[in-house]
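Structure assessment
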Amino acid sequence: MVVDQALRLFAAKGYESTAVDEIAEAAGISRRTFFRQFRSKEDVIFADHESQLAQAQEFLTASREDPWEAVCAAVVLVFERFTQWREIAARRYQVVRQVPALREREIVTVFRYERLFTDYLRERLPEVPDLARVQFAAAVTTTHNYLLRRMVRGESDAGAADLRVELAAIPRGAGRAVHADELVVAVFPRDAPPRQVADLLARKLGTL
């Protein structure tokens, strides 16, 4: 596997000191074959992210479940695939931490996940305030990344079930639009005691 061999070389020799020819030789392919699969050394490191993004988009496009839950399910699928390649994920984390340009690429990649989820929610839930969709996508992505990073650093054995629990705690559709039939208008004298206002509201709302 080209990605596996590349990460081993990056970890052993350093990212900048490893040549494409060395990666190709270690992977048992030619230089030409390497460049048919990847545009650069950097692309090797993030190759699985491209695949994950494509698969997440396909999943969301085909999903017919509640949009909020569909996004959570897509995130869990991404997490599960990374845990299947835990050693590779851990090696990549170590390499990326050492190279500023790779850290910047990682930030852009995380944003692409957020944008995918936000765009999906915009399409499926046009009536929901945009800030609620953006906040949800950001929270879901951040929760995934937090658990994944703890896993690759050896600080946690959290799995997909743990991620599902944390995702379930994220509010869905906070700040949703209020429809006319949900409005309640009440008028009180300016000097009405707060307790009287509260009691009257409780009685009136109970009859709606």
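A few points on the structure.

1. Focus on the overall build of the chain
On a plain count of helices and strands, the chain comes out with eleven helices and zero strands. The linear arrangement of helices and strands in the chain, starting from the amino end, is α-α-α-α-α-α-α-α-α-α-α. Relative to its full complement of 208 residues, the chain shows a buried share of 39%. Long-range pairs, those at least 24 residues apart, make up 67% of the contacts in the chain with a sequence separation of at least 6. Carbon and sulfur atoms form 53% of the exposed surface of the chain, whose accessible area is close to 12500 Å².

2. Looking at the nonpolar core
Judged by nonpolar contacts, the single largest core of 35 residues is most densely connected at Leu60, Val71, Phe117, Phe136, Val140 and Leu167. Elements that contribute at least two residues to this core include exactly helix H5 (47–62), helix H6 (67–84), helix H7 (86–98), helix H8 (100–124), helix H9 (130–152) and helix H10 (160–168). Among the elements that take part in this core, H6 stands out by supplying ten residues, more than any other. Ignoring sequence-local partners within four residues, the contact set of Val71 consists of Leu60, Phe117, Tyr120, Leu121, Phe136 and Val140. By size, the runner-up hydrophobic cluster in this structure holds 19 residues, among which are Leu9, Phe10, Ile45 and Leu102.

3. Thoughts on the pattern of salt bridges
Applying the stated criterion to the full structure yields 16 salt bridges. Arg8 is the partner of Asp4 in a salt bridge, and the nearest nitrogen-oxygen pair spans 3.4 Å. Separated by four residues within a single helix, Asp4 and Arg8 lie in helix H1 (residues 2–13), roughly one turn from each other. A relative accessible area of 16% means that Asp4 is categorised as buried. Judged by relative accessible area, which is 43%, Arg8 ranks as partly exposed. Linking Glu106 and Arg97 is a salt bridge whose minimum nitrogen-to-oxygen distance equals 2.3 Å.

4. Some points on the environment of Leu148
Tracing the backbone shows Leu148 in helix H9. Setting aside residues no more than four positions away along its own chain, Leu148 makes contact with Phe79 and Phe82.

What counts as what
Think of each chain on its own: its residues are numbered from 1, step by step along the sequence as written. Reporting of local features is limited, given that this is a predicted model, to residues whose pLDDT is at least 70; pairs of side-chain atoms are given and counted only at 80 or more, and all residues count toward the totals for whole chains, interfaces and linings. Only hydrogens and water are removed before side-chain values are computed, so all heavy atoms of the structure are retained for them. Strands are runs of DSSP state E lasting at least 2 residues, helices are runs of H or I lasting at least 4, and numbering of each runs from the N terminus. Note on exposure labels: buried denotes an accessible area under 20% of the residue type's maximum, exposed denotes more than 50%, and partly exposed covers the range between, all computed with a 1.4 Å probe on protein chains only. It only takes one pair of heavy atoms within 4.5 Å for two residues to be counted as in contact. Exposure was quantified through the Shrake-Rupley algorithm and a 1.4 Å probe, taking into account, for residues, occlusion by the shown protein chains and nothing else. For our purposes a nonpolar core is just a set of buried Ala, Val, Leu, Ile, Met, Phe, Trp, Tyr and Cys residues, chained together by side-chain atoms within 4.5 Å. Any Lys or Arg side-chain nitrogen found within 4 Å of a carboxyl oxygen on Asp or Glu counts as a salt bridge.

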